[in-house]
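# Observations on chain architecture
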Amino acid sequence: MTKVSLEELIASACSGFVVSFPTDTVPALAVLPEKAALIFATKQRSQDKPLILMAADAEDLWPYVQGSEAEYQIWQQVVDQYWPGGLTLVLPASDRVPKAMNPTDPTTIGIRVPKSAIAQKILSQTGPLATTSANLSGQPALETMAEIAAQFPEVMTWESTATEFSSKNTALSQPSTVAKWTGSNWQILRQGAVNLDV
């Protein structure tokens, strides 16, 4: 089990290692965007299931998407209403997004700002990270750092106390809602923690 302090976890993420930490939904596996292939290998994840780019602030994510001025205004309104929180927006990707984030369809990217103090603290120091739920592909999301450390011994996990991160809080174990921009409206790809008023 590779449990580390917050400072060590941040340093590991900045050095290109896969790390895991709690978010406001399910715990995340995370890595620098250009190292996204490591997560696919770690999770045994299919290439047609893209990763989500997570950051501490929406301003950190806008360079990774592209759209018209009118589209940016619509996206900003949604972000102002629902972020930080359990809503992932799938938007047209800019050329800053590494192809490894979404190997099958590199034209889109899912972005999110989590409503989690610990996740925001980490992301504010690492910059945007490629993320996904902490589990082997096709299996239920793991809910505790102990489970993650046991299943992924090579992944750096945050050394937290049980009270800081409890699996008993079912509100935490619901994944984010995923909404894709179609060019004129939102298409709900997965209903999760947030009800988007489309």
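Our subject is the structure listed above.
Residues numbered from 1 in each chain as written. Predicted model: local features only at pLDDT ≥ 70, side-chain atom pairs only at ≥ 80, totals over all residues. Heavy atoms only, no water.

### A few points about the sheet that holds strand β6 (residues 108-112)
The 10 strands lie next to each other as β1-β8-β2-β3-β7-β4-β6-β5-β9-β10, forming an open sheet whose pairing is mixed. Two strands bound the open sheet, and with one partner strand each, they are β1 (3-4) and β10 (186-190). With 3 bridges joining them, strand β4 (residues 52-54) and strand β7 (residues 129-133) adopt antiparallel strand pairing. Paired with L53 across the two strands is A130, which belongs to β7. (Pairing = 2+ DSSP bridges. Helix = DSSP H or I, 4+ residues; strand = E, 2+ residues; numbered from the N terminus.)

### Considering the side chain of T25
Within the secondary structure, T25 is located in the loop between β2 (19-21) and β3 (28-31). Looking at T25, its side chain comes within polar contact range of the side chain of R112, at 3.1 Å. (Polar contact = N/O pair within 3.5 Å; in protein donor to acceptor, adjacent residues only side chain to side chain.)

### Points about the layout of surface pockets
Where empty space is left in the structure can be found by rolling a water-sized probe over the atoms. In this structure, the largest pocket encloses a volume near 750 Å³. What lines the largest pocket is a set of 37 residues, among which R45, P50, I52, V178 and R190 lie closest to the centre. Considering each element in turn, the lining of the largest pocket owes the most residues, 4 residues, to β6. A breakdown of the residues in the lining of the largest pocket according to their chemical character gives 14 nonpolar, 15 polar and 8 charged. (1 Å grid on protein atoms, 1.4 Å probe; cavity = no way out; pocket = protein on both sides within 12 Å on 5 of 7 lines; lining within 4 Å. Points joined across faces, edges and corners; volume = space filled by probe spheres on them. Nonpolar A, V, L, I, M, F, W, Y, C, P; charged D, E, K, R; others polar.)

### Side note on the packing of aromatic side chains
A complete count under the given rule lists 4 aromatic pairs for this structure. Relative to Y72, the ring of W62 lies with its centre 5.9 Å away and its plane at 80°, an arrangement referred to as edge-to-face. In this pair, W62 is assigned in the loop between α3 (58-61) and α4 (69-82) and Y72 in helix α4, connecting sequence segments 10 residues apart. Residue class for Y72 comes out partly exposed when judged on its relative accessible area of 27%. Judged by centre distance (5.0 Å) and plane angle (65°), the rings of W181 and W186 are edge-to-face. Each member of the pair W181 and W186 is classed as buried. (Phe/Tyr/Trp six-rings, centres within 6.5 Å; stacked < 30°, edge-to-face > 60°. Buried < 20%, exposed > 50% of the residue type's maximum accessible area, 1.4 Å probe, protein only.)

### Some remarks on the environment of Q187
By the element assignment, Q187 lies in strand β10. Separated by 78 residues in the primary sequence, Q187 and I109 have C-alpha atoms spaced 14 Å apart. If we skip the residues at most four places from it in the chain, Q187 touches V178, A179, K180 and T182. (Contact = heavy atoms within 4.5 Å.)

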